[in-house]
Every structure is written in C-alpha cells, then in structure tokens.
Amino acid sequence: MAQRNRGRRIIRQKPDRKANRVIFIRSLILMGVFGCLAFLPLFVKLWQLQITDHDYYQELAVKQQTRDSTVTANRGTIYDSNGTVLAMSATVYNIQLSPNDLRETQETYREKVEKAQESGGSLPDYPEPTNEFIASNLAAILDLDEADILRRLEKDSQYEMIKWRVDTEESDAVQEFITENHLSHGIYLMPTSKRYYPKNSLAAQVIGWVNPNMDNVGAYGLEAQFEDELSGQTGRIVTAKDGNGTELLYRFEDYYDAMDGNDLTLTLDATIQSFCESVVQEGVEQFEVQNGAFCLVMDPNTGAILAWANSPTYDLNDPWEISDPVLLQYIEDVKSGAYTEEEAYQKALAEGCTQEEAYDKAVDAAVGNAQLSQWRNKAINDTYEPGSTFKSMVLAAALEEGVVTESDHFYCSGSVMVEGYGSPIKCSNRSGHKDQDLATAVANSCNPAFIEIGQRLGAEKFYDYLEDFGFLGPTNIDVQGESASGGQIIWSRESFTNVDLAVASFGQRFNVTPLQLITAASAVINGGHLMQPYVVSQISDSDGNVLQHTEPTEVRQVVSEETSARCRAILEKVVDGGTGKNAAVEGYRIGGKTGSSETTETGRTIVSFLGFAPADDPQVVVLLAYDNPKPVSPGANVTSGGWYIGGGSMAGLKAGELLEDILDYLGVEKSYSATDDVLVPDVTGMTVEQATEALKQNNLTLRTVGEGDTITGQIPANGASIPGGSQVVVYLGVDVPTDQVQVPNVIGLTAEQAQAKLAEVDLYLRVSGASQYGDNVVSYEQSVTAGTLVDRGSTIEVRFNDATASGEGL
Amino acid sequence: MVKQRRRDLTVMQQLARGPIDIPYLMLVIILTVIGVIMVFSSSYPTAMNEGLSPTNYFVKQATFGAIGLAAMFVIARINYQTFRGLSVFVLGISIILLVLVLPFGYGRSTVGAQRWISLPFIGGFQPSEIAKVGVIMYFAARLSKRNTEKHRRLPSRHPLSGLHAWLDEKGVLEPIPYFIILGLVAVLMLMEPHMSGTILVLVGGASVLFAAGIRLYWFFGGGAAAAAGLFFIMTQTSYMATRLTIWKDPWNDGENGLGKGFQLIQSLYAIGSGGLLGVGLGKSRQKFLYLPESENDYIFAIVCEELGFLGAAIVIVLFILLVLRGYWIAVHARDRFGALLVVGITTLTAVQVFLNIAVVTNLIPSTGISLPFFSYGGTALMIQLAEMGMVLSVSRQIPAPKQE
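Everything quoted here is computed from the prediction, not taken from an experiment.

Caption draft 1: Examining the overall build of chain A more closely. Looking only at helices and strands, chain A features 26 helices and 34 strands. Taking contacts inside chain A between residues at least 6 apart in sequence as the whole, the part at least 24 apart equals 70%.

Caption draft 2: Spatial organisation of the overall build of chain B. Regarding its fold elements, chain B presents 15 helices and two strands. Long-range contacts, defined here as pairs at least 24 residues apart, represent 70% of the contacts in chain B between residues at least 6 apart.

Caption draft 3: Spotlight on helix 10 (residues 216-236) of chain B. The terminal C-alpha atoms of helix 10 of chain B lie 29 Å apart, and with 21 residues this matches the ideal 30 Å at 1.5 Å per residue to within 8%. With zero of its 21 residues buried, helix 10 of chain B lies for the most part at the surface.

Caption draft 4: Here's a closer look at the sheet that holds strand 32 (residues 777-782) of chain A. All names here are of chain A. Reading across the sheet, the three strands line up as 31-34-32 and stay open at both edges, with mixed pairing between neighbours. Either end of the sheet is taken by a strand with one partner, and the two such strands are strand 31 (764-769) and strand 32. Pairs of neighbouring strands in the sheet enclose a mean axial angle of 40 degrees, with direction left out of account. Bridging between strand 31 and strand 34 (residues 795-802) involves six bridges; their strand directions are parallel. Bridging across to strand 34, Tyr-764 finds its partner in Thr-795.

Caption draft 5: Examining the confidence of the model for chain B more closely. Averaged over chain B, the pLDDT score is 87; the fraction of residues at 70 or greater is 94%. Highest mean pLDDT in chain B belongs to helix 13 (residues 299-332) of chain B (95); lowest belongs to helix 1 (residues 11-15) of chain B (67).

Caption draft 6: Main features of the nonpolar core. Counting 134 residues, the largest nonpolar core has Cys295(A), Leu296(A), Val297(A) and Leu659(A) as its most contacted members. Domain assignment of the residues forming this core places at least three in each of domain 1 (85-198) and domain 3 (380-666) of chain A. When near neighbours in sequence (up to four residues on either side) are disregarded, Val297(A) contacts Ile272(A), Cys276(A), Leu306(A), Ala307(A), Val620(A), Val622(A) and Ile662(A). Formed by 124 residues, the second largest nonpolar core is a distinct cluster that contains Phe40(B), Ala131(B), Leu264(B) and Leu381(B).

Caption draft 7: How the structure looks around the packing of helix 2 (residues 17-35) of chain A against helix 9 (residues 195-212) of chain B. Put simply, helix 2 of chain A and helix 9 of chain B touch, their axes get as near as 7 Å, and they point 135 degrees apart. Between helix 2 of chain A and helix 9 of chain B, the crossing angle belongs to the class labelled oblique. Listed contacts from helix 9 of chain B to Ile23(A), Arg26(A), Ser27(A) and Leu30(A) of helix 2 of chain A are Ser207(B), Phe210(B), Ala211(B) and Ala212(B). In terms of residue class, the contact of helix 2 of chain A with helix 9 of chain B is built from five nonpolar, two polar and one charged.

Caption draft 8: Spotlight on the interface of chain B and chain A. Each partner contributes residues to the interface: chain B has 52 residues there, and chain A has 44 residues. If you list the elements that add at least two residues to the side of chain B that touches chain A, you get helix 4 (81-104), helix 9, helix 12 (262-274), helix 13 and helix 14 (336-360) of chain B. Residue composition of the side of chain B that touches chain A, by class: 32 nonpolar, 15 polar and five charged.

Caption draft 9: Looking closely at the sheet that holds strand 13 (residues 305-311) of chain A. Residues and elements named next belong to chain A. Ordered in space as 13-12-24-23-22, the five strands form an open sheet in which the pairing is antiparallel. If you trace the sheet from one side to the other, it starts and ends with strand 13 and strand 22 (591-598), each paired once. The average angle at which neighbouring strand axes cross in this sheet is 5 degrees, direction not considered. Pairing geometry for strand 12 (residues 293-298) and strand 24 (residues 620-627), over six bridges, is antiparallel. Among the inter-strand pairings, Met-298 is bridged to a residue of strand 24, identified as Val-621. Against the sheet, helix 12 (residues 270-286) engages strand 12, strand 13 and strand 24, with an angle of about 30 degrees to strand 13.

Caption draft 10: View of the environment of Val778(A). Mapped onto the fold, Val778(A) is located in strand 32. Along the sequence, Val778(A) and Gln753(A) sit 25 residues apart, while their C-alpha atoms lie 9.5 Å from each other.

Caption draft 11: Spotlight on the pairing of strand 24 of chain A. All names here are of chain A. By the criterion of burial, strand 24 is predominantly enclosed, with eight of the eight residues buried. Neither face of strand 24 is open: one carries Val-620, Val-622, Leu-624 and Tyr-626, the other Val-621, Leu-623, Ala-625 and Asp-627, and all of them are buried. Bridge count for strand 23 (residues 605-613) against strand 24 is eight bridges, and the pairing is antiparallel. If you follow Val-607 over to strand 24, its bridge partner there is Tyr-626.

Caption draft 12: Representation of unusual backbone geometry. Residues and elements named next belong to chain A. The peptide bond linking Ser-311 to Pro-312 adopts the cis configuration, its omega dihedral lying at 0 degrees. With respect to the helices and strands, the residue Pro-312 is situated in the loop between strand 13 and helix 13 (325-335). With an omega of -20 degrees, the peptide bond between Ala-613 and Pro-614 qualifies as cis. Relative to the helices and strands, Pro-614 is located in the loop between strand 23 and strand 24. Backbone geometry at Arg-509 places phi at a positive 70 degrees, although glycine is not the residue there. Counting through the fold element by element, Arg-509 comes out in the loop between helix 21 (498-505) and helix 22 (514-525).

Caption draft 13: Summary view of the confidence of the model for chain A. Residues and elements named next belong to chain A. Summarising the model, chain A shows a mean pLDDT of 85, and 95% of its residues fall at 70 or more. For chain A, the element scoring lowest by mean pLDDT is helix 1 (residues 2-11), at 46; strand 18 (residues 529-531) scores highest, at 95. Low pLDDT, under 50, characterises residues 1-12; the predicted model gives this stretch five contacts beyond four residues in sequence or across chains.

Caption draft 14: Expanded view of the environment of Ala38(A). Mapped onto the elements of the fold, Ala38(A) is located in the loop between helix 2 and helix 3 (40-52). Overall, Ala38(A) belongs to the partly exposed group, with 19 C-beta atoms counted inside 10 Å. Discounting chain neighbours no more than four positions away, the residues touching Ala38(A) are Val33(A), Ala350(B) and Phe354(B).

Caption draft 15: Molecular detail of helix 2 of chain A. For helix 2 of chain A, with 19 residues, the first-to-last C-alpha span of 25 Å sits near the 27 Å given by 1.5 Å per residue. Among all positions of helix 2 of chain A, only Ala19(A), Ile23(A), Arg26(A), Ser27(A), Leu30(A), Met31(A), Phe34(A) and Gly35(A) are buried. When helix 2 of chain A is viewed along its axis, its buried side chains cluster within an angular range of 155 degrees and face the same direction. Exposed and oriented more than 90 degrees from the buried face of helix 2 of chain A are Arg17(A), Lys18(A), Arg21(A), Ile25(A) and Ile29(A). Looking at the buried residues of helix 2 of chain A, the elements they touch are helix 9, helix 13 and helix 14 of chain B.

The rules behind each value
- Along each chain, residue indices are assigned from 1 in the same order as the chain's sequence is written.
- Here every chain gets a letter starting at A, and every ligand a number starting at 1, in the order they are written.
- For this predicted model, a pLDDT threshold of at least 70 governs which residues receive local features, and a threshold of 80 or more governs which side-chain atom pairs are given and counted, while totals over whole chains, interfaces and linings are taken from all residues.
- Numbering goes from the N terminus for both helices and strands, where a helix is a DSSP run of H or I of at least four residues and a strand is a run of E of at least two.
- Throughout, a residue-residue contact means that the two C-beta atoms, derived from backbone geometry, are no farther apart than 7 Å.
- Helix span, expected: 1.5 Å multiplied by one less than the number of residues in the helix.
- Once C-beta atoms are placed from the backbone, each residue is buried if 20 or more other C-beta atoms lie within 10 Å of its own, exposed if 12 or fewer, and partly exposed for counts between those two.
- Strands were regarded as paired on the criterion that DSSP finds at least two bridges between them.
- For helices, the axis comes from a line fit to the C-alpha atoms of the stretch in contact; other axes are also lines fit to C-alpha atoms, and the angle between any two N-to-C directions lies between 0 and 180 degrees.
- On a range of 0 to 100, pLDDT expresses the predictor's confidence in each residue.
- As used throughout, a nonpolar core is a set of buried Ala, Val, Leu, Ile, Met, Phe, Trp, Tyr and Cys residues joined through C-beta atoms within 7 Å of each other.
- In this entry, domain limits derive from an automatic or database-based domain assignment.
- An angle below 35 degrees is read as roughly parallel, one above 145 as roughly antiparallel, one from 65 to 115 as roughly perpendicular, and any other as oblique.
- Amino acid classes used here: Ala, Val, Leu, Ile, Met, Phe, Trp, Tyr, Cys and Pro are nonpolar; Asp, Glu, Lys and Arg are charged; the rest, including Gly, are polar.
- What the arc describes is the spread of directions from the helix axis to the C-beta atoms.

In structure tokens, the structure reads:
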C-alpha cells in the first residue's frame, strides 16, 4: 500500500508543457554540444598526432624502445699477387676492469673463508684477490704501472679500461690469470679488432694504414682508397627493451648480418717489392741520399705494378713511429740546434711564446713533418724533372714521325745555340761528343743531338706526343694520391715556345710524376701501347668469390710496334756500353736510359734510371731514383764515398742489381755467355789429354801441378760450379792441398787484375756488373770480405762499375 | 513476492515493464567488452613487472565488469521512480563518505590525495564516484518538481520582502539550495584534494540545472566566473603554471622530458606511433613500462597505439553514439525526472570521455580523469554500469510510438 501511495504521489507531478519544452530544448542543446561539437577537436588532434606527425613520434618511440647493438664486420685482407698476406685483421682484446664487480668478488672470497672457518672446511685453494694482488699481477703481464692500476681499482666505477688492443700472448696470459684466481667477475677481455701488417714496412705508402683511433677507418693508401670495399657492412642487432632497459628478446628482434669486407689482391709481388726496398735503402745509405728515393717496377705489357717502394718508409703496424735513419737524424738536428731555423719556432716566438715553448713547438713540428714525409708516396704525390730518361719518349716520337733514322748523324760541339735564347745550351760533355749516329747520341745522352731531334719534330708534334704519352693528365691508377689533373707542371700548348721545345727535348724545365714517366716509358718499349697502370688486380668477397677482376686497359696506341722495336734496340745500347753501362747484368739483355734531374734547389740532383729487360721482349720496366745525394762539398759532383753523382753511376748501378734479382726470381732465361757457370767434371784417374778434352767440353781449361800421367786429384772437386773459361787445377801424383786460403782484397782492380790475383790462391772470379767496358771499370764490391778463410777452388763474386765521370750517365 | 500477472498491474507498473533500449544496451556492452580487453592488453606488462600474474588486472576488471553488467540489468528492472526517494539517501551517504574519507581514507601515499575509502564487502572505492551520482539523482528529483514547488515568501512587513519577491520572480533565489549542495561537495572533494572529481561533480550538477530550466544568466555568470577562476589559477598559482608549461611543451619540464612531462611524452609516442592502422592488438611497445598508468588514465593512448587512428576513431564514435542515444532517451523520457536524470548521467559520461582523451592527446593540460568503461578500476566500472542501468530503466518507460 505504501508503495502505491508513493506512486500516486509521483503521478501527481503535473504535466507542464512549458517545463517539458524547456527540458526538451535544453537537452537538445546539450546533445549538440557534448554529443557532437566536443568530440570534433579530438578527431583533429588524433589525426595530427597519428597521421601527420606519425613518422616523427614513431622515430622517437622506436629510438627509446630498441637497443641497437652493432656487430663488427671483419675488414678484408690484402694479398700480394702470390697470395702473401700484406694486411689482415684479427680479433684482439681490450683489458677492462670493473672495480665494483671486483669488490663483490672479494666479498665472496671473504665469505668463503668465514664459512670454511666456521664449519672447519677447507680454505679456497687460490690466493685472496686483493687489489694489490690484482694490480701487481696485471702490471707484470701487461707491462703497466702498478700504482696506476691500484688507483683505478680503488675508484667507485663500473668500467676501467686499462689496456687497449693487447697481443694474443698478453690476452692469453690475462685469461689464464683470471681462470686461476677465479676473477671472471671483475676482469674482462673485450673483443675488438686490430689491423696487422705481417710484412711491416713492405709497400707501406701503397698499402697505407687504418687509424685505430678513428674506428679503424683507412687513413692512407689503399686502405683509404678502398675503404668501402675493405670495411664491409657493420651488422646490427635491434632488440626491443622495456622502460627499465631489460631486453625483450622474444619481441621485435631484427638481425642485420654483418657483411665482412672484401679482400684485395694486388699486382705487387712481395718478393720483388722487398728487392726494391732493399735496393732503395742500400742506395740511400751508399749515396748519402738526403730527400728519399723511390722505385717503381711495372709489367710494361699490362700496366700492372709489380713493386712500388719509397724511402723514407715506416712500419705500418705503428705508422707514427719514426725509424728511418735520415728522418731520425733530421729530428735529432732540430733538437740539438737547428730548431731555430724551423718555421714553427719563429712563428711561436712571434706569437709571444717563451723560448722553451717555441722549442717544443719546433720539435713537434719536426716530428709531424717527418711523419708526413714517411707516409708520402713520392712516386705519385710528387713531381720531378724527368731529365734524360725523357729522351726515350722523344726518341720514340721522332722515329715514329720519321724525322730521324738510325743512319742519321748528329754533331755535338759541347753546346748549341737555340733561337730565342741568349746563351748557348751546354751538353753534359763540355768538350762535345763530336760526330755520332742516332744510337750513339742516345747512348751518350747528348743534349745538342736531342735539341735537334726536337726541332725536327716541331713544337706542335712534340706537344701532341706529350699528350699521347699521357703527360698531360692522370694515369688513372687505382692508388691514392694522384691529383685529378695528373700532377704535372708543364707549359700550356699556347705558351710552348721554341726554347721550351729545346729544353723539353732533353727532359728539363717541366715536372711529371714518376708514375707518368714509367707509364709512358712502358709504351715506348712494349709495342707502343699506353697502358693504364693498376695495383689492385682482383677484389673478392670473404668467401673467395671474385667480384671484380682488373683486365689490362690500353689507353691508346702511341707509336707503332716497329718504332717500339727500334727504340728497344737503341735503348739497349745505352746499357751496352753507353751511359747506362753500370746497369748491365751478365747474361741478361737490359735496355734503359739514365737521367739526372736538376731542381730549383741548388746542389740538389735527382738521379734516376729507367731500365727494362729482357731488351728484346720486356717483362719488367723499372724506374729507380734517388733524390739529392749529398755532395762531399757544396757544388762538388761526388759524394764523400767517392760516388759520382749521376743517373748511371748511382741509379743505374743499383738498378742493375735490382734487375738481376728480379729476372732471376722471375726465371727469365739467361742468354748464353762464355762466362756462365759450368759444372766441373770428375777428371781424377784420367790422363792429362783425356782431362783436357773433358774439360774443354765444359768450357774449362786446366793447369797441372806435379808430374805423371794420371791425374790423382783436382781443384775444384767434381760437381763444383765455377765460371766458364776458368782453369781447373789437376794434380799429378801430388797431394791435393786441403788447407784454406785467405781471400785477397780485389776492390779497385779491373777484371783482369782481379782474376789474376784470385788465381794465385786457387780462387775463381765471378764477375757481375759492368765488366767489359774499358779501364775505368773497376770492382767496388766482393762477395767474400778480404781476409776470410775459404776452401781452395771457391768462387768469389765481384761487382764492377764505372765510377768515373764517363759513367755518370746524365 | 509473488509475481503479479500483467493484467493485475496498474498502467504505471505496466509502463515500468516496457522494453529496455536495445541500441543503448548494445553500446554499453560493446564498450565494456572492448574496455576490458584493452585493460588486459595494457596491464600485463605492469602486472608482470610487479611480480603478479599477467592476467591479474584483467581477471579483476573482467569480474567487476561482469558483476557490473549484472547490476546494470537489476537496476534497469527497477522502476526509476523509486530513485526519486532514494536520491536524498544517496546524496546524504555520499556526503558522509566524503567526510569520512578525510580521516579514514587512503591514497595519500600513492597519489598524494586522500581519495579512497575501504568498506567491508565492497572494497576500496572513491566516494566521489557516488557523489556524482548522488548529486545528479537529487538535483533531477528536486528540479523535476520545480514548477510545483512552493515559493517561500517573507512576511510582507519584512523590510526586504519586496526585494525578495523580485529576486524570486527573476529566478535568482531558486538555484541557491543547489549551489549550497554543490559547494559543500566541492569543498569536501577539494580537501582530499580531488580537482578532476570536483570538476565532474560540478559539470554533472550544472548539466541538470541547465536542462531543468534554471535561468540562463546563471550559466553565463557561472561560466564567466569559472573562466576567471581558471585564468587566475593558471596564471597565478605555480601548481597550474607548471602544468601549463608542460602542456605547451612536454619536454620543457626542467628534466628534459624525464620529469613531469614524461608521462605525456610517452603518451604522445604511443599515440603517434600507432599511425593509421596501429601496431596491432596486444602489440603495443609503450606499455612495456614506458607509459605510466597505461592501464588506467592513459589507456586510450595504448588503444591508439595498438588500433591506430581507425580503431581510436571507432571507439570515440561508439562513445558519441552512446552519448547521442543517451540524450535521445532523455528527450523521449516519460517524465521530467527521467529526462533530467539521463541528461545528467549522459553529460557526465560525455565530459569524462572528452576530458580524458583531450588530456591523453595533450589537447588540454592534464587532469586525472579516467576513461569510462576502459580505465582500470573495479568499483568505478561498477558505478558506471549502475548509472547505465538507471538510463536503461528510464528507457523502459518511454511510451511506444502510437500505432495508427
């Protein structure tokens, strides 16, 4: 009933049209506002956030949600043409300490000890890992300062890197120390990568190095040039993490494989390269060379560079270390007094530094200069006046154009007047070469003759050949450092006058790079083909698949095959009795051209030799140059060692040794010669007549000792190898002497004199170098030092050269 | 009580057994289901991080959701006319609870405000949730009778009787009792303090007053006063000033986005990275301990991230439909009480949805308002569903269209 009553009361709410209408209208207003209008800005805002700015927010969100860890790619290996490793990467370790973790380890140790004491168990069988214990051991293993390690161990720190990139030996020792002393919680070996150059300084300026301080990015040479190929693609592991940084391994994991870098195979041959480097280094010492040296060896038929040496050089494993004696001397000089001449010193003083500061700056600058100088690849970065070596190209051009022939004669009075130039241009031979045919003019390196050849060619043609031989542009070699224009400093075609033509004809007053020169010279002798030089023969991926193989590229044919053959014949005569005779090698046909380049610096000469062999079918072409041998006194033309400063007497001499090594190594067949080594047959038991006959077959003669019919002994013994034409000593009933003999000093003697002197003590002479050309040719080196005791019948190798002005080879 | 047969019922009783509004019911169920699913998706990383079962929050929310839906059906079956009488008690109880929460409640340690109170059987809940309903119910009940309400007159000898009569005629005096109630509730809630709850109570009350026909100048005046107050708070107090700077640039919180702007930044990351189609249901990354309260006030950001603009828009559209249908029920309600009750509840829901999404998307400076049906919180969901039950109860008495 109560309910019903209440209900009745409710029903009594009076219908009120006006009130209902108000509610109806106002509800509709609220409906419009809160049912429609209010939500519109939400859609706009959402659209803006989710569609317009989607990328922006997504990027920020992904950045915080993911952990991006990198996987280092292995850098590619660099091989020489025989597969010898020149540069490789290996995993090494950084040694890292965690002082905080070590404290926990120490705590664990103490707990163990306590527990053992309580329960009477055994104590840990390893020493307590105190800070002192760890510091002293690590210092010993890693050759570090113990106090420093101790200091860092006491820090409140999670990570302390104590040594970077330690060798395997050291990291193994650290690992052993960790294992033995249960320190795996606290001492960590962090893997990283290190670049190794197993051949140290070999081809340093070509290979270059990576900078470990800048993520192992290639800094110089091929390492820099082929950075993209070698470095590979760093891999990534992207894992999701939550707001606390914990990895959510089961979600959103992306793995991008690291792509190992590609391997380079070079055309360089480590063996030939090492020949070159020792020849360069020997020459630098022998001739007191002050501004370094370079040597290029090329296969003229393909343009492949077989060796490329520079001096000063350095160990690629520590590019900042200065080890070259010349550079060390320079720094020493600066330190001990020459610092006042350094630009940095003057500048520092001008800026108001104290003398000590200026001194330090001068020394720093000197070290910096020395480093830059040892990193510099002279044969491509620098230019020089090619000098007489350039005459090879002039010769080829003249023969090709038909303006000269082998039968032409040139007269040299010692100097010549050139139209447009006030004073006469002198020849190296001041008294003149007089009348000479073309080959002789080349062999004499006669300047007036070449001026005439140049005049016959004419400026226009001459300049065309400069261009055709590639002297006006880059060779486009795949080595770092060639300037885009080629680097040469040369006249423009418009400004090329008659006088310019005259001096250019013998290679002066313009600069080219050594690489341009050897490339052009290859074209002269290889049949006229200008090849594009290259160093990288192959790029292959880490699985050995060849990605790119360099085929020899011919830029253009400059002269004909026939012209080239005529040039080879003429240039062979340069070595065969001409200015290049010091480069002669017994048994090999060598052609070449000497050169001595003037520079703008007074007293500074660059001596060079351009050689090729075999002369009839060149397999190698060599350009060897020494920059600035030190004259004994200013203006003198000899060094303190008595070496005449000239292309033939210095570069030619060393190039001969180099070519001999290279040709032997390449297995180029020697042409027959009367003095080739022969085997001594067994003549014991024969009669003298029989023995004479047997020895004659082997190009040997005999000398008898004692009397009798039958030979009872011989020196040298059966099977020994001695130079052909030598005398075998046979003993007739007399005991063969078994004592040793002292090697006499034969230096400074002619070949005949040396042979006689050696024969006195039953020794044989093997001749090398320039042997057959006149009385000026004397020995300068013997293979066994005078005074050494050797067996009778041994062969002593003696090297000859023409050390006088006639062998200067300008 | 024996169930009465239909023919024995009065017209009133027959009306109270009419069909409930199916579209509204469907919208409520859909939103509840989506909301509970989203709680599961967004809460499991938090649960796991707290060392709980991944389904911990989900199970609780689903249980409350089920109970809440059951309660909604029960309430929908009650003749809403009984709420008239109940309204005084609900309001009275809620005021008592708001007083009790100050000494006996909790929440100061977690959110810095004394907002929750624990009761036997019911568990912890916010008295402010009840206060919202109480205010709306009481206002609707009283304002529905305003046309018959006796106007007190001062004795004619009283010096102010003329003024009083004039004021009464202009409607100045009418809303004063309501303002006193609102003021009391608001002051109690601000003592907790509970700024956002206060706003919602005021909005709920104001919407009923507005719909009931209180003179418009009150709203212009009130609106102007609110605007002035807001402007004062924003510009003159440091509390709002920091919120305002963060609103303008969340990264400019003095800690490079790791301080007070952090939650908002994380919310924007979540919404922004959702794009058009979202990262997929359950695949949110921001819920992995980046976005604080990802299952609570900021659950809509996770909706945006997982379901994209499209999903978020659909959810908003569902809310809009719910609100529109609510007003539709209000204007079709059988009497003024039903209409005002539904207008209050609907407006409250609409404003709550708007404010929550606007905060999450940084459209307005932040206030801690939860999203109806979505945000984690059992009793809040239950009370929300109970309110929906009231609306459905009103919908039952809508007269069927006349059949010609």
